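Here is how the chains run, residue by residue.
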Amino acid sequence: MARFWVCVAGAGFFLAFLVLHSRFCGSPVLRNFAFAVSWRTEKSLYRLDVDWPKHPEYFTGTTFCVAVDSLNGLVYIGQRGDNIPKILVFTEDGYFLRAWNYTVDTPHGIFAASTLYEQSIWITDVGSGFFGHTVKKYSSFGDLVQVLGTPGTKGTGLNPLQFDNPAELYVEDTGDIYIVDGDGGLNNRLIKLSQDFMILWLHGENGTGPAKFNIPHSVTLDSAGRVWVADRGNKRIQVFDKDTGEWLGAWNNCFTEEGPSSVRFTPDGKYLIVAQLNLSRLSVVAAPPVGSIGECSVISTIQLADQVLPHLLEVDRKTGALYVAEIGAKQVQKYVPLNSYVPAFGS
(Lines give C-alpha, C1' and ligand atoms only; values in the text may rest on other atoms or scores of the structure.)
Protein backbone atom coordinates (compact mmCIF):
# COMPACT_ATOMS: atom_id res chain seq x y z
CA MET A 1 0.00 0.00 0.00
CA ALA A 2 1.34 3.45 -0.85
CA ARG A 3 -0.08 6.88 -0.16
CA PHE A 4 0.04 9.59 -2.83
CA TRP A 5 -0.35 13.31 -2.28
CA VAL A 6 -0.60 15.74 -5.16
CA CYS A 7 -0.37 19.42 -4.25
CA VAL A 8 -1.19 22.03 -6.87
CA ALA A 9 0.00 25.17 -5.09
CA GLY A 10 -0.83 27.64 -7.85
CA ALA A 11 -4.44 26.46 -7.99
CA GLY A 12 -4.78 26.95 -4.24
CA PHE A 13 -5.97 23.51 -3.30
CA PHE A 14 -4.67 20.27 -1.89
CA LEU A 15 -5.88 16.91 -3.11
CA ALA A 16 -5.08 13.76 -1.18
CA PHE A 17 -5.94 10.33 -2.37
CA LEU A 18 -5.02 6.75 -1.69
CA VAL A 19 -3.97 4.40 -4.46
CA LEU A 20 -3.95 0.68 -3.85
CA HIS A 21 -1.79 -1.17 -6.28
CA SER A 22 0.06 -4.43 -5.90
CA ARG A 23 3.22 -3.20 -7.65
CA PHE A 24 4.21 -1.09 -4.64
CA CYS A 25 3.76 -3.85 -2.09
CA GLY A 26 6.98 -5.49 -3.15
CA SER A 27 9.11 -2.35 -3.03
CA PRO A 28 11.36 -2.22 0.07
CA VAL A 29 11.42 1.57 -0.23
CA LEU A 30 7.95 2.62 -1.28
CA ARG A 31 5.88 0.41 0.98
CA ASN A 32 7.18 2.16 4.09
CA PHE A 33 6.59 5.81 3.31
CA ALA A 34 4.51 8.27 1.39
CA PHE A 35 5.26 9.24 -2.18
CA ALA A 36 4.81 13.00 -2.54
CA VAL A 37 4.34 14.86 -5.80
CA SER A 38 4.46 18.64 -5.57
CA TRP A 39 3.33 20.79 -8.48
CA ARG A 40 4.33 24.45 -8.44
CA THR A 41 2.25 25.64 -11.35
CA GLU A 42 -1.46 26.14 -11.84
CA LYS A 43 -1.58 23.28 -14.27
CA SER A 44 -0.22 19.77 -13.73
CA LEU A 45 2.01 18.66 -16.55
CA TYR A 46 2.33 14.92 -15.88
CA ARG A 47 0.59 12.08 -14.11
CA LEU A 48 2.16 8.93 -12.77
CA ASP A 49 1.20 5.80 -14.71
CA VAL A 50 0.68 3.44 -11.77
CA ASP A 51 0.07 0.50 -14.12
CA TRP A 52 3.55 0.66 -15.66
CA PRO A 53 5.12 -1.81 -15.89
CA LYS A 54 2.66 -4.67 -15.77
CA HIS A 55 5.20 -6.96 -14.10
CA PRO A 56 7.56 -5.00 -11.81
CA GLU A 57 8.85 -8.26 -10.36
CA TYR A 58 11.40 -8.28 -13.19
CA PHE A 59 13.20 -5.44 -11.39
CA THR A 60 15.61 -7.69 -9.51
CA GLY A 61 18.55 -5.29 -9.18
CA THR A 62 19.34 -1.60 -8.86
CA THR A 63 17.89 0.25 -11.84
CA PHE A 64 20.44 2.79 -13.08
CA CYS A 65 19.31 3.78 -16.56
CA VAL A 66 16.48 3.70 -19.08
CA ALA A 67 16.22 4.21 -22.85
CA VAL A 68 13.22 4.51 -25.15
CA ASP A 69 13.03 3.29 -28.73
CA SER A 70 10.05 5.44 -29.73
CA LEU A 71 10.17 4.14 -33.29
CA ASN A 72 9.38 0.60 -32.17
CA GLY A 73 7.62 1.29 -28.87
CA LEU A 74 10.26 -0.38 -26.68
CA VAL A 75 11.78 0.55 -23.32
CA TYR A 76 15.24 -0.70 -22.26
CA ILE A 77 16.32 -0.72 -18.63
CA GLY A 78 19.81 -1.29 -17.25
CA GLN A 79 20.10 -2.75 -13.75
CA ARG A 80 22.97 -3.88 -11.56
CA GLY A 81 23.34 -6.86 -9.29
CA ASP A 82 24.82 -10.33 -9.02
CA ASN A 83 23.44 -13.20 -11.08
CA ILE A 84 20.65 -11.16 -12.65
CA PRO A 85 19.91 -10.05 -16.21
CA LYS A 86 21.48 -6.61 -16.71
CA ILE A 87 19.18 -5.42 -19.53
CA LEU A 88 15.38 -5.66 -19.43
CA VAL A 89 13.15 -4.94 -22.42
CA PHE A 90 9.53 -3.83 -22.02
CA THR A 91 6.91 -2.49 -24.38
CA GLU A 92 5.79 1.11 -23.90
CA ASP A 93 2.56 -0.38 -22.52
CA GLY A 94 4.52 -2.11 -19.77
CA TYR A 95 4.63 -5.72 -20.94
CA PHE A 96 7.89 -7.59 -20.39
CA LEU A 97 9.48 -8.95 -23.58
CA ARG A 98 12.96 -10.27 -22.83
CA ALA A 99 16.20 -9.84 -20.91
CA TRP A 100 19.87 -10.25 -21.75
CA ASN A 101 23.20 -10.10 -20.04
CA TYR A 102 25.84 -10.66 -22.71
CA THR A 103 29.12 -8.77 -22.17
CA VAL A 104 27.47 -6.27 -19.81
CA ASP A 105 29.36 -5.70 -16.57
CA THR A 106 28.02 -2.63 -14.77
CA PRO A 107 25.65 -0.49 -16.86
CA HIS A 108 25.53 3.22 -16.09
CA GLY A 109 23.90 4.92 -19.11
CA ILE A 110 21.85 3.55 -22.00
CA PHE A 111 20.53 5.04 -25.25
CA ALA A 112 18.28 3.67 -28.00
CA ALA A 113 19.32 4.81 -31.49
CA SER A 114 16.98 2.98 -33.79
CA THR A 115 16.25 3.76 -37.44
CA LEU A 116 13.96 2.17 -40.01
CA TYR A 117 16.82 -0.19 -40.87
CA GLU A 118 18.44 -0.95 -37.51
CA GLN A 119 17.56 -1.21 -33.81
CA SER A 120 20.64 -0.19 -31.83
CA ILE A 121 21.19 0.04 -28.09
CA TRP A 122 24.25 1.83 -26.70
CA ILE A 123 25.46 1.21 -23.14
CA THR A 124 28.13 2.91 -21.05
CA ASP A 125 29.76 0.28 -18.83
CA VAL A 126 31.63 1.40 -15.71
CA GLY A 127 32.50 -2.05 -14.37
CA SER A 128 35.96 -3.09 -13.23
CA GLY A 129 35.69 -6.46 -14.96
CA PHE A 130 36.62 -7.54 -18.46
CA PHE A 131 33.83 -5.55 -20.14
CA GLY A 132 34.14 -2.36 -18.08
CA HIS A 133 35.25 1.19 -19.00
CA THR A 134 33.67 0.94 -22.43
CA VAL A 135 30.87 2.29 -24.60
CA LYS A 136 29.17 -0.55 -26.45
CA LYS A 137 26.62 -0.94 -29.19
CA TYR A 138 24.15 -3.85 -29.17
CA SER A 139 21.28 -5.14 -31.21
CA SER A 140 17.83 -5.18 -29.64
CA PHE A 141 18.40 -8.82 -28.66
CA GLY A 142 21.79 -8.21 -27.00
CA ASP A 143 24.20 -9.09 -29.79
CA LEU A 144 27.40 -7.09 -29.36
CA VAL A 145 28.04 -4.95 -32.44
CA GLN A 146 30.71 -2.41 -31.49
CA VAL A 147 33.06 -1.67 -28.59
CA LEU A 148 34.60 1.75 -27.96
CA GLY A 149 37.40 1.99 -25.42
CA THR A 150 39.78 -0.61 -24.00
CA PRO A 151 37.67 -3.35 -22.36
CA GLY A 152 38.56 -3.83 -18.72
CA THR A 153 41.14 -1.03 -18.69
CA LYS A 154 40.51 2.55 -17.67
CA GLY A 155 42.53 5.33 -19.22
CA THR A 156 42.78 8.85 -20.58
CA GLY A 157 44.09 8.08 -24.06
CA LEU A 158 42.59 9.35 -27.29
CA ASN A 159 44.39 7.07 -29.75
CA PRO A 160 43.19 4.52 -29.04
CA LEU A 161 40.25 6.05 -27.23
CA GLN A 162 39.99 5.09 -23.57
CA PHE A 163 37.38 5.78 -20.91
CA ASP A 164 37.13 5.78 -17.14
CA ASN A 165 33.58 5.44 -15.85
CA PRO A 166 31.80 6.80 -18.95
CA ALA A 167 28.51 8.16 -17.62
CA GLU A 168 26.15 8.54 -20.57
CA LEU A 169 25.85 9.17 -24.30
CA TYR A 170 23.48 10.65 -26.85
CA VAL A 171 23.35 9.47 -30.47
CA GLU A 172 22.01 11.76 -33.19
CA ASP A 173 19.97 10.47 -36.10
CA THR A 174 23.04 11.26 -38.25
CA GLY A 175 25.04 8.71 -36.25
CA ASP A 176 27.20 11.28 -34.48
CA ILE A 177 27.80 10.40 -30.82
CA TYR A 178 28.19 12.61 -27.76
CA ILE A 179 29.78 10.98 -24.70
CA VAL A 180 30.25 12.32 -21.18
CA ASP A 181 33.18 10.44 -19.68
CA GLY A 182 34.01 10.70 -16.02
CA ASP A 183 31.53 9.63 -13.37
CA GLY A 184 34.12 10.10 -10.65
CA GLY A 185 36.98 8.61 -12.69
CA LEU A 186 40.17 9.94 -14.24
CA ASN A 187 38.36 11.90 -16.94
CA ASN A 188 36.02 14.85 -17.03
CA ARG A 189 35.30 14.98 -20.75
CA LEU A 190 32.68 15.71 -23.34
CA ILE A 191 33.55 13.99 -26.61
CA LYS A 192 31.85 14.17 -29.99
CA LEU A 193 32.48 11.25 -32.34
CA SER A 194 31.52 10.87 -35.98
CA GLN A 195 29.47 7.89 -37.11
CA ASP A 196 32.75 6.15 -37.98
CA PHE A 197 34.05 6.89 -34.45
CA MET A 198 36.52 9.66 -35.27
CA ILE A 199 36.90 12.43 -32.68
CA LEU A 200 35.32 15.61 -34.05
CA TRP A 201 35.87 17.76 -30.96
CA LEU A 202 36.21 17.44 -27.22
CA HIS A 203 36.40 19.35 -23.96
CA GLY A 204 38.37 17.44 -21.42
CA GLU A 205 39.67 19.34 -18.43
CA ASN A 206 38.66 19.19 -14.79
CA GLY A 207 37.70 22.54 -13.31
CA THR A 208 35.02 25.13 -12.67
CA GLY A 209 35.54 27.47 -15.63
CA PRO A 210 33.72 27.45 -18.96
CA ALA A 211 33.96 24.12 -20.83
CA LYS A 212 35.54 22.44 -17.78
CA PHE A 213 33.76 19.74 -15.82
CA ASN A 214 33.44 18.05 -12.47
CA ILE A 215 31.57 14.78 -13.05
CA PRO A 216 29.79 15.33 -16.38
CA HIS A 217 26.89 12.95 -15.84
CA SER A 218 24.36 13.36 -18.66
CA VAL A 219 24.20 14.81 -22.17
CA THR A 220 21.41 15.68 -24.59
CA LEU A 221 20.68 17.81 -27.68
CA ASP A 222 17.98 20.29 -28.58
CA SER A 223 16.47 21.04 -31.98
CA ALA A 224 18.57 24.22 -32.30
CA GLY A 225 21.84 22.29 -32.51
CA ARG A 226 22.93 22.82 -28.90
CA VAL A 227 24.52 20.21 -26.63
CA TRP A 228 23.43 20.31 -22.98
CA VAL A 229 25.61 18.68 -20.31
CA ALA A 230 24.69 17.99 -16.68
CA ASP A 231 27.90 19.14 -14.96
CA ARG A 232 26.90 17.51 -11.72
CA GLY A 233 29.85 18.30 -9.48
CA ASN A 234 29.82 21.97 -10.50
CA LYS A 235 26.05 22.23 -9.91
CA ARG A 236 25.29 23.55 -13.37
CA ILE A 237 24.30 22.73 -16.93
CA GLN A 238 26.73 23.75 -19.67
CA VAL A 239 25.75 24.36 -23.29
CA PHE A 240 27.79 23.91 -26.48
CA ASP A 241 27.37 24.28 -30.23
CA LYS A 242 27.03 20.77 -31.63
CA ASP A 243 28.98 21.50 -34.83
CA THR A 244 31.96 23.46 -33.49
CA GLY A 245 31.99 22.55 -29.80
CA GLU A 246 31.96 26.26 -28.93
CA TRP A 247 30.90 27.01 -25.37
CA LEU A 248 27.61 28.94 -25.41
CA GLY A 249 26.87 29.43 -21.74
CA ALA A 250 25.77 27.77 -18.52
CA TRP A 251 22.88 27.52 -16.09
CA ASN A 252 23.78 27.42 -12.42
CA ASN A 253 21.06 29.42 -10.66
CA CYS A 254 18.64 26.45 -10.42
CA PHE A 255 20.99 23.95 -8.84
CA THR A 256 22.36 25.52 -5.66
CA GLU A 257 21.21 22.59 -3.51
CA GLU A 258 22.50 19.82 -5.75
CA GLY A 259 23.83 19.45 -9.26
CA PRO A 260 21.78 17.88 -12.07
CA SER A 261 22.19 14.16 -12.71
CA SER A 262 20.11 13.82 -15.90
CA VAL A 263 18.86 16.08 -18.69
CA ARG A 264 16.35 15.46 -21.51
CA PHE A 265 14.14 17.70 -23.67
CA THR A 266 10.44 17.22 -24.21
CA PRO A 267 9.48 16.38 -27.81
CA ASP A 268 8.17 19.85 -28.54
CA GLY A 269 11.41 21.41 -27.28
CA LYS A 270 9.60 23.67 -24.82
CA TYR A 271 10.99 22.12 -21.65
CA LEU A 272 14.12 20.50 -20.29
CA ILE A 273 13.48 17.76 -17.72
CA VAL A 274 16.19 17.66 -15.05
CA ALA A 275 16.72 15.02 -12.36
CA GLN A 276 18.51 15.72 -9.08
CA LEU A 277 19.57 12.46 -7.50
CA ASN A 278 19.90 13.04 -3.76
CA LEU A 279 17.06 15.56 -3.64
CA SER A 280 14.81 12.95 -5.30
CA ARG A 281 13.46 15.71 -7.51
CA LEU A 282 12.47 16.17 -11.14
CA SER A 283 12.30 19.72 -12.48
CA VAL A 284 10.57 20.97 -15.61
CA VAL A 285 12.65 23.89 -16.87
CA ALA A 286 11.69 26.34 -19.62
CA ALA A 287 13.90 25.90 -22.70
CA PRO A 288 15.54 29.11 -23.97
CA PRO A 289 14.84 30.50 -27.43
CA VAL A 290 17.25 30.00 -30.31
CA GLY A 291 20.23 32.31 -30.02
CA SER A 292 19.99 32.72 -26.25
CA ILE A 293 20.87 30.67 -23.18
CA GLY A 294 19.56 33.09 -20.58
CA GLU A 295 18.81 32.01 -17.03
CA CYS A 296 17.34 28.77 -15.79
CA SER A 297 13.62 29.06 -15.00
CA VAL A 298 11.84 26.17 -13.25
CA ILE A 299 8.22 25.83 -14.35
CA SER A 300 7.24 22.83 -12.25
CA THR A 301 8.74 20.16 -10.00
CA ILE A 302 7.90 16.59 -9.16
CA GLN A 303 9.12 15.95 -5.62
CA LEU A 304 9.64 12.25 -5.08
CA ALA A 305 9.87 10.63 -1.66
CA ASP A 306 13.16 10.48 0.20
CA GLN A 307 15.52 7.71 -0.93
CA VAL A 308 13.84 7.23 -4.32
CA LEU A 309 16.98 8.71 -5.95
CA PRO A 310 16.23 9.36 -9.65
CA HIS A 311 19.50 8.63 -11.45
CA LEU A 312 18.86 8.96 -15.19
CA LEU A 313 15.71 9.57 -17.19
CA GLU A 314 14.49 9.37 -20.76
CA VAL A 315 11.69 11.03 -22.71
CA ASP A 316 9.73 9.20 -25.38
CA ARG A 317 10.22 11.38 -28.44
CA LYS A 318 6.85 10.32 -29.86
CA THR A 319 4.51 10.40 -26.85
CA GLY A 320 6.42 12.68 -24.47
CA ALA A 321 6.22 10.16 -21.62
CA LEU A 322 8.95 10.34 -18.98
CA TYR A 323 10.70 7.21 -17.78
CA VAL A 324 12.76 7.60 -14.60
CA ALA A 325 15.35 5.09 -13.37
CA GLU A 326 15.35 5.19 -9.57
CA ILE A 327 18.32 3.59 -7.84
CA GLY A 328 16.84 3.98 -4.35
CA ALA A 329 13.41 2.58 -5.13
CA LYS A 330 14.99 0.03 -7.52
CA GLN A 331 12.41 0.55 -10.22
CA VAL A 332 11.60 2.58 -13.32
CA GLN A 333 8.47 4.71 -13.27
CA LYS A 334 6.55 6.26 -16.15
CA TYR A 335 4.96 9.71 -16.16
CA VAL A 336 2.46 10.58 -18.87
CA PRO A 337 2.07 14.17 -20.12
CA LEU A 338 -1.36 15.69 -19.72
CA ASN A 339 -0.90 17.96 -22.73
CA SER A 340 -0.44 16.84 -26.33
CA TYR A 341 3.02 17.04 -27.82
CA VAL A 342 4.13 17.69 -31.37
CA PRO A 343 6.37 15.03 -32.97
CA ALA A 344 9.95 15.07 -31.79
CA PHE A 345 12.67 16.74 -33.80
CA GLY A 346 14.43 14.22 -36.00
CA SER A 347 11.65 11.68 -35.66
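Rules used throughout
- Residues numbered from 1 in each chain as written.
- Predicted model: local features only at pLDDT ≥ 70, side-chain atom pairs only at ≥ 80, totals over all residues.
- Heavy atoms only, no water.
- Core = buried A, V, L, I, M, F, W, Y, C linked by side-chain atoms within 4.5 Å.
- Buried < 20%, exposed > 50% of the residue type's maximum accessible area, 1.4 Å probe, protein only.
- Helix = DSSP H or I, 4+ residues; strand = E, 2+ residues; numbered from the N terminus.
- Phe/Tyr/Trp six-rings, centres within 6.5 Å; stacked < 30°, edge-to-face > 60°.
- Lys NZ or Arg CZ within 6 Å of the ring centre and 35° of its normal.
- Salt bridge = Lys/Arg side-chain N within 4 Å of Asp/Glu carboxyl O.
- Contact = heavy atoms within 4.5 Å.
- Pairing = 2+ DSSP bridges.
- Axes fitted to C-alpha atoms, helices over the stretch in contact; angles between N-to-C directions.
- Disulfide = S-S within 2.5 Å.

*Asks:* Would you explain the nonpolar core in this entry?
*Replies:* Grouped together as the largest cluster of nonpolar side chains are 26 residues, with contacts concentrated most on Trp 122, Leu 169, Leu 190, Val 219, Val 227, Val 229 and Phe 240. For this core, the elements supplying multiple residues, two or more each, are β13 (166–171), β14 (177–181), β15 (189–193), β19 (216–221) and β20 (226–231). Listed in part, the 18 residues of the second largest apolar core include Tyr 46, Leu 48, Ala 305 and Val 324.

*Asks:* Is there a simple way to think about the packing of aromatic side chains in this case?
*Replies:* If you walk through the whole model with that rule in mind, you get 14 aromatic pairs. For the pair Phe 111 and Tyr 170, a centre-to-centre distance of 4.8 Å together with 55° between the ring planes defines the contact as tilted. With a gap of 59 residues between them, Phe 111 in strand β9 (residues 107–112) and Tyr 170 in strand β13 connect regions that are remote in the sequence. Note on Phe 111: relative accessible area 7%, which makes it buried. With a centroid separation of 6.5 Å and an interplanar angle of 35°, the aromatic rings of Trp 201 and Phe 240 are classed as tilted. Taken as a pair, Trp 201 in strand β16 (residues 199–203) and Phe 240 in strand β21 (residues 236–241) lie far apart in primary sequence, 39 residues in all. In terms of burial, Trp 201 and Phe 240 fall into one category: buried. Of the aromatic side chains, those joined through ring pairs into one cluster are Trp 52, Tyr 58, Phe 59, Phe 90, Phe 96 and Tyr 323. Of note, Arg 80 hangs over the ring of Phe 64, and the distance from its end group to the ring centre comes to 3.5 Å. Residue placement shows Arg 98 over the ring face of Phe 141; its charged tip is 3.9 Å from the ring centre.

*Asks:* What's the story with the pattern of salt bridges in this structure? I'm lost.
*Replies:* Scanning the model with the defined rule gives 12 salt bridges in all. For Glu 172, the salt bridge identified is with Lys 242, shortest N-O distance 2.7 Å. In this pair, Glu 172 is assigned in the loop between β13 and β14 and Lys 242 in the loop between β21 and β22 (247–251), connecting sequence segments 70 residues apart. By relative accessible area, which is 13% here, Glu 172 ends up buried. Residues Asp 181 and Arg 189 are paired through a salt bridge, measuring 2.9 Å at the closest nitrogen-oxygen approach. Residues Asp 181 and Arg 189 agree in their burial class; the two are buried. Residues participating in the shared-partner salt-bridge network are Glu 168, Arg 264 and Glu 314.

*Asks:* When you look at the environment of Pro 310 in this model, what are you seeing that I'm missing?
*Replies:* Examined against the element boundaries, Pro 310 turns out to sit in strand β27 (residues 310–315). Taking C-alpha positions, Pro 310 is 5.7 Å from Ala 325, a pair spaced 15 residues apart along the chain. Leave out the neighbours within four places in its chain, and Pro 310 touches Ser 261, Ala 275, Gln 276, Leu 277, Ser 280, Arg 281, Leu 282, Leu 304, Val 324, Ala 325 and Glu 326.

*Asks:* Before we go on, may I ask you to explain the sheet that holds strand β12 (residues 144–148) in this structure?
*Replies:* What holds strands together in a sheet is hydrogen bonding between their backbones, with the strands either parallel or antiparallel. Strand order in this open sheet of 4 strands is β9-β10-β11-β12, and the pairing throughout is antiparallel. The sheet is open, and its two edges are formed by β9 and β12, each paired on a single side. The mean inter-strand angle of the sheet, taken between neighbouring strand axes irrespective of direction, is 20°. Alignment of strand β11 (residues 134–139) against β12, held across 4 bridges, turns out to be antiparallel. Each bridged residue has a counterpart across the sheet, and for Lys 137 the counterpart in β12 is Gln 146.

*Asks:* Would you mind going over unusual backbone geometry with me for this structure?
*Replies:* Note: most residues except glycine have negative phi, and most peptide bonds are trans. In this structure, the amide linkage connecting Trp 52 to the following residue, Pro 53, adopts the cis form with an omega of -5°. Within the fold, Pro 53 resides in the loop between β4 (46–48) and β5 (62–69). With an omega of 5°, the peptide bond between Asn 159 and Pro 160 qualifies as cis. Topologically, Pro 160 is positioned in the loop between β12 and β13. One non-glycine residue, Phe 197, adopts positive backbone phi at about 70°. Mapped onto the elements of the fold, Phe 197 is located in the loop between β15 and β16. Look at Phe 197 and you get partly exposed, because its relative accessible area is 27%. The backbone phi angle of Lys 330 is positive, close to 60°, even though this residue is not glycine. Overall, Lys 330 belongs to the partly exposed group, its relative accessible area being 39%.

*Asks:* Just checking my understanding: could you explain the state of the cysteines for this structure?
*Replies:* One way to say it: the disulfide is the covalent bond shared by the sulfur atoms of two cysteines. Scanning the model with the defined rule gives 1 disulfide in all. Put simply, Cys 254 and Cys 296 are joined by a disulfide, and their sulfur atoms are 2.0 Å apart. Across the S-S bond of Cys 254 and Cys 296 the torsion is about -110°, and the bridge reads as left-handed. Of this pair, Cys 254 sits in the loop between β22 and β23 (262–265) while Cys 296 sits in the loop between β25 (281–286) and β26 (298–303), placing them 42 residues apart in sequence.

Honestly, it's all geometry; don't read function into it.
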